[in-house]
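Residue-level listing of the chains:
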Amino acid sequence: MIRNLRENDFAEILKLHQDSGAQFELPNLKSPLVLVKKVVDDGGVKMAAIGELHITAIMWVDKNWKTPRERLDAMQELQHEMMLEASGYGLNVVTTQADGRFAERLEEMGWTEGIGRMFYRSIS
C-alpha cells in the first residue's frame, strides 16, 4: 500500500538508506523543502521516495566577451548573487549539468560532482 510518510517511519527509512550503501547524506525529512513524502508499506516501510525542492541553475555565456579570466570573475559574481537570492527563498540545494572545462570551473567554484548519472522527467 502506498501512503504518506509518517514521522514514526524515519527509523525504517534511515535503515533503508544505510543498507542501500548510498554515498549521500539522508535529507532532513522534516524540512519544508521536502514537499512529497511517500512510502510503500507492506508490514513496514519497504520503499520510500521523497521530492525535495531545489533550483536548477542554467547559464549562458558569450565566449567571445572579454578574457577567460574576466568571464570567470563575472561568473563567480553571478553565482554569488544567484545563490544569495535562492537562499532568500529558503532553498538550500542548487543543481546543474556540465562537462568538460565548464565542469572543472564549477569544481573550482565550490560545486560538488553528483553521484551517478543525472536523469530528469517532465511532470506534465
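Details of the structure are given in the entry above.
> Could you give an account of the overall build of the protein chain, with specific residues and numbers?
Summing up its helical and strand segments, the protein chain has three helices and five strands in all. Starting at the N terminus and ending at the C terminus, the protein chain contains elements arranged as β-α-β-β-β-α-β-α. What you see for the protein chain is a C-alpha radius of gyration of 19 Å, clearly larger than the 14 Å of a compact globule of 124 residues, by over 25%. Each principal axis of the C-alpha atoms in the protein chain carries an extent, and together these give about 60 × 30 × 30 Å. Taking all 124 residues of the protein chain together, 18% fall into the buried category.

> Residues and numbers for the sheet that holds strand 3 (residues 45-52), please.
Strand order in the open sheet made by the three strands is 1-2-3, with antiparallel pairing throughout. Where the open sheet ends on each side, the last strands, each with one partner, are strand 1 (2-4) and strand 3. In this sheet, adjacent strand axes meet at a mean angle of 25° when their direction is disregarded. Alignment of strand 1 against strand 2 (residues 34-41), held across three bridges, turns out to be antiparallel. Bridge assignment links Arg3 to a residue of strand 2, and that residue is Val39.

> Summarise the side chain of Gln79; cite the residues concerned and give the values.
One can find Gln79 in helix 2 (residues 68-88). By relative accessible area, which is 17% here, Gln79 ends up buried.

> Residue-level account of the pairing of strand 2, with values.
Inspection of the sheet shows strand 2 paired to strand 3 by seven bridges, in the antiparallel sense. Along strand 3, the bridge assignment pairs Asp41 with Val45. Where strand 2 hands over to strand 3, the hairpin turn is made up of three residues, of which Gly43 adopts a positive phi near 75°.

> Can you tell me about the environment of Asp19, naming the residues and giving the values?
Inspection of the secondary structure puts Asp19 in helix 1 (residues 10-20). Using a relative accessible area of 55% as the deciding quantity, one classes Asp19 as exposed. Sequence spacing of Asp19 and Val36 is 17 residues, and the spatial spacing of their C-alpha atoms is 22 Å.

> Please give an account of the environment of Gly44 that cites residues and values.
Counting through the fold element by element, Gly44 comes out in the loop between strand 2 and strand 3. With a relative accessible area of 12%, Gly44 lands in the buried category. Residues Gly44 and Glu113 lie 69 residues apart in sequence; the distance between their C-alpha atoms is 34 Å.

> If you had to explain unusual backbone geometry to someone new, which residues and values would you point to?
For Lys66, which is not glycine, the phi dihedral falls at a positive 50°. Along the chain, Lys66 turns up in the loop between strand 4 (55-56) and helix 2.

> Break down the pattern of salt bridges for me, with residues and values.
Where charged atoms from two side chains of opposite charge come close, those side chains can pair. A full pass over the atoms with the stated rule returns eight salt bridges. Arg101 serves as the salt-bridge partner of Glu104, at 2.8 Å between the closest nitrogen and oxygen. Pair noted here: Glu104 and Arg101 are both in helix 3 (residues 100-108), with a separation of three residues, about one helical turn. Accessibility expressed as a relative area gives 40% for Glu104, which makes it partly exposed. Beyond isolated ion pairs, a larger network of salt bridges with shared partners links Arg101, Glu104, Arg105 and Glu108.

Rules of the game
Residues numbered from 1 in each chain as written. Predicted model: local features only at pLDDT ≥ 70, side-chain atom pairs only at ≥ 80, totals over all residues. Heavy atoms only, no water. Helix = DSSP H or I, 4+ residues; strand = E, 2+ residues; numbered from the N terminus. Rg over C-alpha atoms; globule rule 2.2 N^0.38 Å. Buried < 20%, exposed > 50% of the residue type's maximum accessible area, 1.4 Å probe, protein only. Pairing = 2+ DSSP bridges. Axes fitted to C-alpha atoms, helices over the stretch in contact; angles between N-to-C directions. Salt bridge = Lys/Arg side-chain N within 4 Å of Asp/Glu carboxyl O.

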